[in-house]
Amino acid sequence: MAVRLGIARLGGRYPALLALLAQLAATLSIGVLIVLAAQFSAWRPAWLAAGLAQGLLAASLGQWLGLSRSWWWLNLAFVPALLLSSGASLPSWVFLGAFLLILLLNWNSIGERVPLYLSGARCRRELTALLSRQAAEFRFVDLGCGPAGSLLQLARQFPRAQFVGVETAPLSFAIAWLRCLAQDNCRIRYESLWRTDLAGFDVAYCFLSPAPMAALWEKARGQMAAGAWLISNSFEVPGVPADELIELHDWRRSRLLLWRIAD
Ligand SMILES: C[S@@+](CC[C@H](N)C(=O)[O-])C[C@H]1O[C@@H](n2cnc3c(N)ncnc32)[C@H](O)[C@@H]1O
């Protein structure tokens, strides 16, 4: 259990590394099975069937270790796609395109050490419960909103409040911007969270990584009004205990941490 938690923490910071580990473990397991089967029987699986079994195992392992749903699909399809493309001699632009797609979604993995993973349904439920305590016309910012699934759902639930998402991964920004076009109380900005003025917001929400939390706390403390909230999904501010902790009851023991800005 402790090893699994350690690996899951690593995955929180570096999901691509965890996906790679799941791929390697699944390839090794399926490879050993095939070699053993070849030693002791006449059974020889087709390459694609072996690839699919590897993909299924890698996806399940990744999920067990806490990777998000988008990684499930990537882990499932990776080796079967490689096998298919080696037989079908796909043009190189397909690989370039896939690489660009991943890069444009995970732009901030490199500089900011914050990859894309999404707040889940339990987190959104608990956020809704927390926001119900605010006056009806509160202002909320999602610092690194990704494709804005959570932001948009909250904006629909609180039609009198104002929601802003800031994002710098180009593809996530474009998806978020398009999705929120028709939602009057929700706006998306192509802007770094470090350039966002937090002064006008009652609630700042983030789901980032351990790396930026200390600096973000200093920024929130310096800019937000007394009584405003900083809410972090999963990641603590080093040395600053949260005023409220809400367990999300998933096996990763994720939680929402809420700090009230003092006078
Ligand atoms: C873990 S995802 C969370 C997405 C969304 N907030 C959610 O909870 O579902 C973190 C997002 O923050 C974005 N991000 C990281 N650093 C950023 C920065 N300096 N400015 C704006 N967005 C940033 C990433 O591109 C990524 O989309």
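Use the structure listed above.
Keep in mind that this is a model prediction, so the values were computed, not measured.

**Section: the overall build of the protein**
At step 1: Regarding its fold elements, the protein presents 10 helices and 7 strands.
At step 2: Counting only residues that meet the buried cut, the protein has 42% of its 263 residues in that class.
At step 3: Put simply, of all contacts in the protein between residues at least 6 apart along the chain, 64% involve residues at least 24 apart.
At step 4: For the protein, the accessible surface area stands at approximately 14300 Å², while carbon and sulfur atoms represent 64% of it.

**Some words on the packing of aromatic side chains**
At step 1: In total, this model carries 8 aromatic pairs according to the counting rule given.
At step 2: Taken together, a centroid distance of 5.4 Å and an interplanar angle of 70 degrees make the contact between Phe138 and Phe158 edge-to-face. Of the two residues, Phe138 is situated in the loop between α7 (121-131) and β1 (139-143) and Phe158 in the loop between α8 (149-157) and β2 (162-167); the sequence distance between them amounts to 20 residues.
At step 3: Residue Phe158 is classed as buried on the basis of its relative accessible area, which comes to 14%.
At step 4: A ring pair is formed by Trp217 and Trp259, whose centres lie 6.1 Å apart and whose planes are at 45 degrees; its orientation type is tilted. Taken together, the positions of Trp217 in helix α10 (residues 213-223) and Trp259 in strand β7 (residues 255-260) put the pair 42 residues apart, joining distant regions of the chain.

**A look at the pairing of β7**
At step 1: The buried fraction of β7 amounts to 5 of the 6 residues, a majority that puts the element mostly inside the structure.
At step 2: In the sheet, strand β5 (residues 229-233) pairs with β7 via 5 bridges, with the strands oriented antiparallel. Its bridge partner lying in β7, Leu230 is registered against Trp259.
At step 3: Sheet analysis places strand β6 (residues 244-247) next to β7, joined by 4 bridges and oriented antiparallel.

**A few points about the sheet that holds strand β3 (residues 186-190)**
At step 1: Read from one edge of the open sheet, 7 strands run β3-β2-β1-β4-β5-β7-β6, paired in mixed fashion. Looking at the sheet topology across the chains shown, the edges are occupied by β3 and β6. Averaged over neighbouring strand pairs, the angle between their axes works out to 20 degrees when direction is ignored.
At step 2: Sheet analysis places β1 next to strand β4 (residues 203-206), joined by 4 bridges and oriented parallel. Bridging across to β4, Leu143 finds its partner in Cys206.
At step 3: Relative to the sheet, α7 contacts β1, β2, β4, β5, β6 and β7, its axis offset from that of β7 by approximately 25 degrees.
At step 4: Its contacts with the sheet put α8 on β1, β2 and β3, and the angle it makes with β2 is roughly 170 degrees.

About the criteria used
Residues numbered from 1 in each chain as written. Predicted model: local features only at pLDDT ≥ 70, side-chain atom pairs only at ≥ 80, totals over all residues. Heavy atoms only, no water. Helix = DSSP H or I, 4+ residues; strand = E, 2+ residues; numbered from the N terminus. Buried < 20%, exposed > 50% of the residue type's maximum accessible area, 1.4 Å probe, protein only. Contact = heavy atoms within 4.5 Å. Areas by Shrake-Rupley, 256 points an atom, 1.4 Å probe, with all protein chains shown as cover. Phe/Tyr/Trp six-rings, centres within 6.5 Å; stacked < 30°, edge-to-face > 60°. Pairing = 2+ DSSP bridges. Axes fitted to C-alpha atoms, helices over the stretch in contact; angles between N-to-C directions.

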